[in-house]
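# Results of the structural survey
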Amino acid sequence: MHTIIVGGEKIGVSIGEWLVSEGHEIAVIDFDKNACINIDEALGAVSVFGVCMNLNVLQKAGAERADVVIATTTRDDVNLAACQIAKQMYQVPRTVSIVNDQDNADLFDSLGIDLIVNLTNLLTRHIQEAVSYTHLRAHEPLRYLVCRLL
């Protein structure tokens, strides 16, 4: 399976590490040259320097044969554009995107992003679980629980 990851920061690299460990082929697009150096050091020569909305960059990343595009940047507009271009221009069968601003989740859904990871809801749910769990296990510090969940 060939996966393109848009965004080479912590989340993108972490997903990349997991995919590589599972034997998948990946490309990671990032517009920061230093990030590309770090990506290549962590994952092998898989970085593609450039902006993910540039068709030449997407072609270098293998968009025409990609099975999945995963957008992990901190900018919802970039994540949405990357997924839309992948679907509309390259007929990538599956798109996954982080949504940083929960107010944008409905837009991502209405535009056909296959899997939306709403960071606000995800973190809130984990913290709620930690607080509820703390009431059951009062001897375990809340700080420790939150760190374990994140």
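Our subject is the structure that appears above.
Residues numbered from 1 in each chain as written. Predicted model: local features only at pLDDT ≥ 70, side-chain atom pairs only at ≥ 80, totals over all residues. Heavy atoms only, no water.

## Digging into the packing of aromatic side chains
Counting across every chain of the model gives zero aromatic pairs. For the cation-ring pair, Lys33 lies above Phe49, with the distance from its terminal atom to the ring centre recorded as 5.1 Å. (Phe/Tyr/Trp six-rings, centres within 6.5 Å; stacked < 30°, edge-to-face > 60°. Lys NZ or Arg CZ within 6 Å of the ring centre and 35° of its normal.)

## Comments concerning helix 4 (residues 76–90)
Between its first and last C-alpha atoms helix 4 spans 20 Å; for 15 residues at 1.5 Å apiece the expected length is 21 Å, and the two agree. All of the buried residues in helix 4 are Asp76, Val78, Asn79, Leu80, Ala82, Cys83, Gln84, Ile85, Ala86, Lys87 and Tyr90. Along its buried surface, helix 4 packs onto strand 1 (2–6), helix 3 (55–61), strand 4 (68–71), strand 5 (94–99) and helix 5 (105–110). Residue Gln91 follows helix 4 closely and has a positive phi angle near 50°. (Helix = DSSP H or I, 4+ residues; strand = E, 2+ residues; numbered from the N terminus. Expected span 1.5 Å × (residues − 1). Buried < 20%, exposed > 50% of the residue type's maximum accessible area, 1.4 Å probe, protein only. Contact = heavy atoms within 4.5 Å.)

## Looking at the nonpolar core
Counting residues in each nonpolar core, the largest one holds 25 residues, and the members touching the most others are Ile4, Val6 and Ile29. A total of seven residues in this core trace back to one element, the largest contributor, which is helix 4. Residues in contact with Val6, not counting those within four places in the same chain, are Ile29, Cys52, Val69, Ile70, Ala71, Thr72, Thr73 and Ala82. Listed in part, the 11 residues of the second largest apolar core include Val13, Ile26, Leu43 and Val68. (Core = buried A, V, L, I, M, F, W, Y, C linked by side-chain atoms within 4.5 Å.)

## Quick notes on the pattern of salt bridges
Per the counting criterion, the structure on display carries three salt bridges. With its nearest N and O atoms 2.8 Å apart, the salt bridge here joins Glu25 to Arg65. Of the two residues, Glu25 sits in strand 2 (residues 25–30) while Arg65 sits in the loop between helix 3 and strand 4, which places them 40 residues apart along the sequence. With relative accessibility at 38%, the residue Glu25 sits in the partly exposed group. (Salt bridge = Lys/Arg side-chain N within 4 Å of Asp/Glu carboxyl O.)

## Quick notes on a negative patch on the surface
Together, Asp101, Asp103, Asp106 and Asp109 give the surface a local cluster of negative charge. Following the sequence through the fold, Asp101 ends up in the loop between strand 5 and helix 5. (Patch = residues over 30% accessible without salt bridge, like charges linked within 9 Å, V, L, I, M, F, W, Y side chains within 5 Å. Areas by Shrake-Rupley, 256 points an atom, 1.4 Å probe, with all protein chains shown as cover. Lys, Arg positive; Asp, Glu negative; His and termini not counted. Charge placed at Lys NZ, Arg CZ, Asp CG, Glu CD.)

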